[in-house]
Amino acid sequence: MRVVVQRVAAARVEVDGQVSGSIARGLLVLAGFEACDAAADLDWMAAKLGRLRIFADAEGVMNRSVVDADGEVLAVSQFTLFASTRKGNRPSWSRAAPPEVAQPLFERFVARLEVALGRRVATGVFGADMQVHLVNDGPVTISIDSRQPE
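Residues numbered from 1 in each chain as written. Predicted model: local features only at pLDDT ≥ 70, side-chain atom pairs only at ≥ 80, totals over all residues. Heavy atoms only, no water.

Draft legend 1. Geometry of the side chain of Glu-34. Note on placement: Glu-34 falls in the loop between β3 (26–32) and α1 (39–51). In this structure the side chain of Glu-34 is engaged in a polar contact, spanning 3.1 Å, whose partner is the side chain of Arg-95. With sequence-adjacent residues up to four places away left out, Glu-34 is seen in contact with Met-1, Phe-82, Arg-95, Ala-97, Leu-105 and Arg-147. (Helix = DSSP H or I, 4+ residues; strand = E, 2+ residues; numbered from the N terminus. Polar contact = N/O pair within 3.5 Å; in protein donor to acceptor, adjacent residues only side chain to side chain. Contact = heavy atoms within 4.5 Å.)

Draft legend 2. Quick look at the environment of Arg-64. Summarising the element assignment, Arg-64 is placed in strand β5 (residues 62–64). When the C-alpha positions of Arg-64 and Ala-83 are compared, they lie 32 Å apart, and in sequence the two are 19 residues distant. Sequence-distant contacts of Arg-64, that is, excluding residues within four places in its chain, are made with Leu-52, Arg-53, Ile-54, Phe-55, Ala-56, Asp-57 and Ala-69.

Draft legend 3. Layout of the nonpolar core. Judged by nonpolar contacts, the single largest core of 29 residues is most densely connected at Phe-33, Leu-49 and Phe-109. Of all the elements in the fold, those that place two or more residues in this core are β1 (2–15), β3, α1, β6 (72–77), α2 (99–117) and β8 (130–145). Among the elements that line this core, the one with the most residues is α2, at seven residues. Excluding residues that lie within four positions of it along the chain, Phe-33 makes contacts with Met-1, Leu-42, Phe-82, Arg-95, Ala-96, Ala-97, Ala-102, Leu-105, Phe-106 and Phe-109. (Core = buried A, V, L, I, M, F, W, Y, C linked by side-chain atoms within 4.5 Å. Buried < 20%, exposed > 50% of the residue type's maximum accessible area, 1.4 Å probe, protein only.)

These results come straight from atomic positions and should not be treated as a statement about function.
Structure below.
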């Protein structure tokens, strides 16, 4: 499992001109899955995102998590996070889980994230052509891979 997480002042996802999910201050989580991802990957990532200290404390130091900052989370499934550009100029997404595998993984991940955060997580629409609007705060953008925890 791979995510790109962005600290945002606000974010929303639109599908066919309709807002499917929106948040104020918090995290935008773009999440990609491989067919080999398991419950342990989902649990680890949900816990990591809930504890990730990238919000400023009273001294301006990134010392608070999204939970501590009373922020919100918007999760969007994004298979292109597993793009391989090693050969040629057209990316390959052969490592990305197929939709029939990725959708249940995404749904389980969102459920685990809601438990870790203690609140509802807004989402995009799986498999849809989405327009993601965000105001990146900082900017703070971090890539995390459950197979390569650093």
